[in-house]
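A closer look at the structure
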Amino acid sequence: MRFDLISIFPDYFTPLTLSLMGKAEDAGLVTLAAHDLRQWATGKHRSVDDTPYGGGAGMVMRADVWARALDDALATPLACENEEAATASCRRVLAIPTPSGTPLTQPVVEDLARADQIIVACGRYEGIDARVAQHYRAAGVEVLEFSIGDYVLNGGEVAAMVLTEAVARLLDGFMGNPDSLVEESHSGAGLLEYPVFTKPRDFRSLEIPEVLLGGNHAAIERWRRDRAIEKTVAVRPDLALSLDAAALSGDDRATLAACGVAYPRAGAAERLTVRQAELEDVVAVSELAARTFPDACPQDLPREAIDEHIATQLSADVFDSLISDPERHRLFVAEVWGGLVGYVLTHVGPDALPSDLVRPGRVDVGNAYLSKCYVDAAWRGSGIADVLLERAVADAAKAGHRAIVLGTNRGNKAAQAFYKKHGFRKRSTRTFDVGGVANYDVVMVRDLTPTGGATLA
Ligand code: ADE
């Protein structure tokens, strides 16, 4: 890869001969050529700029001087040209740093790393005559006007060095350990990097996270991924909302949702809020309940029984009375921009459990009861159910319960696996009436005591 950096201050680029970049040049991996633009200037003063047409402050760099420099740079013979291959097989990019250019992001840099030559035309003063970019584009040259950030520098030299280093380090053989490239910020799924630690282990009373001290590689990987997700949502919500959805696992999605970003099955990610339901939500929650309940029913349950259950148990009136009594009934909703997409209902307090569960030998009187946890079909797998469930569980623990109990259809293995992942264990069975039809449930319990099984399986 050849870099031609053209500037009226070519000495600016001296630091590029240091460190890994210097080694890469010595090894023949990159060629760095810094040029003084004044070589191509004419006249007694070798002037490279002039006053702007239309008036205004400052000076503009002359197109004719730049064109002579760029014609020469574009005509430089490259290693990719040989007897058989035509010049066209070499990819030459003319990069022009300017605060009004497209942002220089990792994907742009990754693309540039596939070029054979990058010529960087560093402007000063008020910039380069706009006809330079116009002319070379029209002539078929790949022109990239780029910015390294939303601030203004004195000239393009620093931006040129940023581009050169960002591109060169991606070239095969540049990094001593190419693994460093794999997990760093802005690569892969588009997450920022997780925090890193090294010796000494004791530093001003700040501890190393426990998981990093054990040898559980899967747990370390998960911990790092979770911290990367949290950091990205906190620092760059724009990036968190535009991750590569195909590269996100179920656990990633659960962490994202816990941080307030939900990825649906199809379409764009959205900011997610989980909050306690209010009376204004009554109609929306009952509609959501009616939409989602049928999906959790066994295939052979008659539609009339389902409809009957919806009409009598999931009506707006029912939700009105639940929301009106928050001391005993705790309803949390998941909301995205388009409305409510999930809800969880628990009953807390001394008489929280339904009577069929408190029969002797089943579960302890005084446990909290998780009655419902439902998410709209389009948002299943987005981690919303995980967030709702954990919110309800934390709420029950805060209310002083030592355990929380639920019943779920014995045929619904996905639901059972989901609850198991969240620390619930099978304890018993029960029958559950849906519109006059008996259904068979497994009863699962999660210990909420600090020493109990409250940690995730
Ligand atoms: N020249 C001046 N400011 C710049 C910036 N932010 N990015 C690229 N080139 C520049």
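Heads up: the structure comes first, above all this text.
In what follows, the accompanying structure is described. (Residues numbered from 1 in each chain as written. Predicted model: local features only at pLDDT ≥ 70, side-chain atom pairs only at ≥ 80, totals over all residues. Heavy atoms only, no water.)

**Quick word on the overall build of the protein**
Of the regular secondary structure elements, the protein holds 14 helices and 16 strands. Here the C-alpha radius of gyration of the protein, 32 Å, is well above what a compact globule of 457 residues would show, namely 23 Å. If you line up the protein on its principal axes, its C-alpha atoms span 100 × 55 × 50 Å. A separation of at least 24 residues holds for 68% of the contacts in the protein among residues at least 6 apart in sequence. Carbon and sulfur atoms make up 52% of the accessible area of the protein, which totals about 24000 Å². Separation of charge centres in the protein, based on 47 positive and 63 negative side chains, amounts to 5 Å. (Helix = DSSP H or I, 4+ residues; strand = E, 2+ residues; numbered from the N terminus. Rg over C-alpha atoms; globule rule 2.2 N^0.38 Å. Contact = heavy atoms within 4.5 Å. Areas by Shrake-Rupley, 256 points an atom, 1.4 Å probe, with all protein chains shown as cover. Lys, Arg positive; Asp, Glu negative; His and termini not counted. Charge placed at Lys NZ, Arg CZ, Asp CG, Glu CD.)

**Describing helix H11 (residues 303-313)**
The set of residues buried in H11 consists of Ala305, Ile306, His309 and Ile310. One side of H11 carries all its buried residues, which in axial view fall inside an arc of 135°. Opposite the packed face of H11, turned more than 90 degrees from it, sit the exposed residues Glu304 and Ala311. Turning to H11, the residues buried within the fold contact helix H10 (282-292), strand E15 (425-434) and strand E16 (437-447). (Buried < 20%, exposed > 50% of the residue type's maximum accessible area, 1.4 Å probe, protein only. Arc of directions from axis to C-beta.)

**Section: the sheet that holds strand E10 (residues 273-276)**
Read across the sheet, seven strands follow the order E10-E11-E12-E13-E14-E16-E15 without closing on themselves; strand pairing throughout is mixed. Lying at the two open borders of the sheet, with one neighbouring strand each, are E10 and E15. Each strand axis lies, on average, 30° off the axis of its neighbour in the sheet, ignoring direction. Pairing of strand E14 (residues 403-409) with E16, which is carried by seven bridges, proceeds in the antiparallel orientation. For Val405, the partnering residue across the bridge sits in E16 and is Val445. In the packing of helix H12 (residues 316-323) onto the sheet, the strands contacted are strand E11 (329-336) and strand E12 (339-347), and the crossing angle to E11 comes to about 110°. (Pairing = 2+ DSSP bridges. Axes fitted to C-alpha atoms, helices over the stretch in contact; angles between N-to-C directions.)

**Looking at helix H13 (residues 384-398)**
Along its 15 residues, H13 runs 21 Å from first to last C-alpha, staying within 8% of the 21 Å computed at 1.5 Å per residue. Of all the residues in H13, the buried ones are Ile384, Asp386, Val387, Leu388, Leu389, Ala392, Val393, Asp395 and Ala396. Backbone geometry just after H13 places Gly400 at a positive phi near 95°. (Expected span 1.5 Å × (residues − 1).)

**Comments concerning the site of the ligand**
As a matter of local geometry, the ligand sits amid Pro97, Thr98, Pro99, Phe146, Ser147, Ile148, Gly149, Tyr151, Val152, Leu153, Gly155 and Ala159. Here Gly149 contributes a backbone N or O atom positioned 3.2 Å from a nitrogen atom of the ligand. A distance of 2.8 Å separates a nitrogen atom of the ligand from a polar backbone atom of Tyr151. Taken by itself the ligand offers 260 Å² of open surface, and the protein chains cover 96% of this. Counting only elements with at least two residues in the shell around the ligand, the list comes to strand E5 (92-103) and strand E7 (142-147). Sorting elements by how many residues they give to the shell around the ligand places E5 first, with three residues. (Near = heavy atom within 4 Å. Polar contact = N/O pair within 3.5 Å; in protein donor to acceptor, adjacent residues only side chain to side chain.)

**Observations regarding unusual backbone geometry**
Glycine aside, the phi torsion of most residues is negative, and most peptide linkages are trans. Going from Lys199 to Pro200, the amide bond is cis rather than trans, its omega being 5°. Topologically, Pro200 is positioned in the loop between helix H6 (179-182) and helix H7 (217-235). Unusually for a residue other than glycine, Arg46 sits at a positive phi of about 45°. Looking at where Arg46 falls in the secondary structure, it is placed in the loop between strand E2 (31-36) and strand E3 (49-50). Given a relative accessible area of 39%, Arg46 falls into the partly exposed group. In this structure, Arg204 takes a positive phi of about 45° despite not being glycine.

**Section: the sheet that holds E7**
The five strands are arranged E2-E1-E6-E5-E7 in an open sheet whose pairing can be described as parallel. Two strands in the sheet have a free side with no partner beyond their single neighbour: E2 and E7. Looking at each pair of strands side by side, their axes are set apart by 25° on average, direction ignored. Bridge analysis of strand E1 (residues 2-7) against E2 gives six bridges, and the strand direction is parallel. Each bridged residue has a counterpart across the sheet, and for Leu5 the counterpart in E2 is Ala34.

**So, the pattern of salt bridges**
Taken as a whole, this structure holds 25 salt bridges when the rule is applied. Between Arg91 and Asp111 there is a salt bridge, with the nearest N and O atoms lying 2.9 Å from each other. One end of the pair, Arg91, is in the loop between helix H2 (63-74) and E5; the other, Asp111, is in helix H3 (residues 106-112), and 20 residues separate them in sequence. Of the residues examined, Asp111 reaches a relative accessible area of 29% and is grouped as partly exposed. A salt bridge links Asp376 to Arg291; the shortest N-O distance between them is 2.8 Å. Here Arg291 lies in helix H10 and Asp376 lies in the loop between strand E13 (368-375) and H13, a separation of 85 residues in the sequence. Judged by its relative accessible area of 41%, Arg291 falls in the partly exposed class. It is possible to trace a salt-bridge network through shared partners that takes in Arg91, Asp111, Arg114 and Glu142. (Salt bridge = Lys/Arg side-chain N within 4 Å of Asp/Glu carboxyl O.)

**Examining the state of the cysteines**
Applying the stated criterion across every chain yields a total of one disulfide. Shown here is the disulfide that connects Cys80 with Cys90, its sulfur atoms set 2.0 Å apart. Handedness of the Cys80-Cys90 disulfide follows from its S-S torsion of about 125°: it is right-handed. Remark: Cys90 occurs in the loop between H2 and E5 and Cys80 occurs in the loop between H2 and E5; sequence separation between them is 10 residues. What makes Cys80 partly exposed here is its relative accessible area of 22%. Residue Cys90 is classed as buried on the basis of its relative accessible area of 9%. Free of any disulfide, Cys259 has its nearest cysteine sulfur in Cys373, 18 Å distant. With a relative accessible area of 24%, Cys259 lands in the partly exposed category. (Disulfide = S-S within 2.5 Å.)

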